[in-house]
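Tertiary structure, described
So you can see what is in the structure, the chains are spelled out below.
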Amino acid sequence: MAIESLLLAFRYPAIFAGSLIEGPTVMIITGFFLRLGYFHFLSAYLLLVAGDLLGDFIWYEIGRLGLHRTVYKIGKFFNVSEKNIETLKFKFRRHEGKILFGSKLTAGFGFAVPIMIVAGMSRVPLKKFGLYTFLGGLIWAGSLMSIGFFFGNVYLRVEEGFRIVFLVALAAAILLFSFGFSRYTRNTFLKNKF
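Residues numbered from 1 in each chain as written. Predicted model: local features only at pLDDT ≥ 70, side-chain atom pairs only at ≥ 80, totals over all residues. Heavy atoms only, no water.

The geometry of an aromatic ring pair comes down to the distance between the two centres and the angle between the two planes. Applying the stated criterion across every chain yields a total of nine aromatic pairs. Plain terms: the ring middles of Phe 32 and Phe 33 are 5.4 Å apart, the flat faces sit at 90 degrees to each other, and that makes the pair edge-to-face. With a relative accessible area of 8%, Phe 32 lands in the buried category. Phe 33 gets classed as partly exposed once you look at its relative accessible area, which sits at 32%. By way of ring pairs, the aromatic residues Phe 32, Phe 33, Tyr 38, Tyr 155 and Phe 166 are connected into one cluster. Between the NZ or CZ atom of Arg 163 and the centre of the ring of Tyr 155, over which it lies, the distance is 4.8 Å. (Phe/Tyr/Trp six-rings, centres within 6.5 Å; stacked < 30°, edge-to-face > 60°. Buried < 20%, exposed > 50% of the residue type's maximum accessible area, 1.4 Å probe, protein only. Lys NZ or Arg CZ within 6 Å of the ring centre and 35° of its normal.)

Here it is, written out as structure tokens:
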């Protein structure tokens, strides 16, 4: 039980760090465990928003400081390429507010990291960047936590013997949906001329 005590002791720092690295997945998982009683809503919600926002500011600074060329080397892990950056720069000039706000509500059309980098490269004022990403992040975190909460509620209704099967099926469904949604929205965004 020492491991369980350790996990419980560090659950809030873990969701902050997790949302900094992989916000959407951690938000859903947090909602799930919120329903199971492991978190207090407001504390978990604010930490998720803060971690996700900090991640956005880090990518913004990478773009502002001109470090995006360094990121190209590991870009395949973050969907960052020169082609993606150039496409976004063109679209960004006319629609920066909509793109920033929308990127938070749609996981960045599969381009979350490049969008934040381009915002920095384009020198979007920090207040404007912060406002759009914060407002979008509030809605995004709440929505994903709600999805996790819903599945936590379903989990509690599943018979004890089927809970592991339910969790495996749920994890597979989330991964497939995330991959398909990201791919679909990325392709749609690249073709859309606004």
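This part is about the packing of helix α2 (residues 11-35) against helix α7 (residues 126-157). At a closest axis distance of 6 Å, the pairing of α2 and α7 adopts a crossing angle of 45 degrees. What the angle tells us is that α2 and α7 run oblique. Viewed along their axes, α2 and α7 form a crossing whose handedness is right-handed. Each of Pro 24, Met 27, Ile 28, Thr 30, Gly 31, Phe 32, Leu 34 and Arg 35 in α2 lies in contact with α7, whose residues at this interface are Trp 140, Ala 141, Leu 144, Met 145, Gly 148, Phe 149, Phe 151, Gly 152, Asn 153, Tyr 155 and Leu 156. Among the residues making up the contact of α2 with α7, the classes are represented as 13 nonpolar, five polar and one charged. (Axes fitted to C-alpha atoms, helices over the stretch in contact; angles between N-to-C directions. Helix = DSSP H or I, 4+ residues; strand = E, 2+ residues; numbered from the N terminus. Parallel < 35°, antiparallel > 145°, perpendicular 65-115°, else oblique. Left-handed = near helix turned anticlockwise from the far one by under 90°. Contact = heavy atoms within 4.5 Å. Nonpolar A, V, L, I, M, F, W, Y, C, P; charged D, E, K, R; others polar.)

Running from N to C, α2 and helix α3 (residues 41-64) point in directions that differ by 145 degrees, and their axes come no closer than 8 Å. Seen along the crossing, α2 lies across α3 with a hand that is left-handed. Across the interface between the two elements, Tyr 12, Ile 15, Phe 16, Ser 19, Leu 20, Gly 23, Val 26, Met 27, Thr 30 and Leu 34 of α2 pack against Phe 41, Ser 43, Ala 44, Leu 47, Leu 48, Ala 50, Gly 51, Asp 52, Leu 54, Gly 55 and Ile 58 of α3. Per-class residue counts for the contact of α2 with α3 are 14 nonpolar, six polar and one charged.

A word on a nonpolar patch on the surface. A surface patch of nonpolar side chains, amounting to about 310 Å² of accessible area, comprises Leu 8, Ile 29, Phe 33 and Tyr 38. Along the chain, Tyr 38 falls in the loop between α2 and α3. The partly exposed category is assigned to Tyr 38, whose relative accessible area is 34%. (Patch = residues over 30% accessible without salt bridge, like charges linked within 9 Å, V, L, I, M, F, W, Y side chains within 5 Å. Areas by Shrake-Rupley, 256 points an atom, 1.4 Å probe, with all protein chains shown as cover. Salt bridge = Lys/Arg side-chain N within 4 Å of Asp/Glu carboxyl O.)

This paragraph deals with the pattern of salt bridges. Close approach of charged atoms allows side chains with opposite charge to pair. Considering all chains together, one arrives at five salt bridges under this definition. Here Lys 104 makes a salt bridge to Asp 52, at a shortest N to O gap of 2.5 Å. Residue Lys 104 is found in helix α5 (residues 82-105), and its partner Asp 52 is found in helix α3; the two are separated by 52 residues along the sequence. Lys 104 sits in the buried class, given a relative accessible area of 5%. For Lys 104, the salt bridge identified is with Asp 56, shortest N-O distance 2.7 Å. Taken together, the residues span a long stretch of sequence, with Lys 104 in helix α5 and Asp 56 in helix α3 at a distance of 48 residues. Judged on exposure class, the residue Lys 104 and its partner Asp 56 are both buried. Taken together, the salt bridges that share partners define one network made up of Asp 52, Asp 56 and Lys 104.

With that settled, consider the confidence of the model for the protein chain. A residue-level look at the protein chain finds 77% of positions with pLDDT of 70 or above and a mean pLDDT of 80. The spread of mean pLDDT over the elements of the protein chain runs between helix α1 (residues 2-9), the lowest at 62, and α3, the highest at 93. (pLDDT = per-residue confidence, 0-100.)

Turning our attention to the environment of Phe 90. Structurally, the position occupied by Phe 90 is in helix α5. Measuring from C-alpha to C-alpha, the distance between Phe 90 and Val 118 comes to 9.9 Å, with 28 residues separating the pair along the chain.

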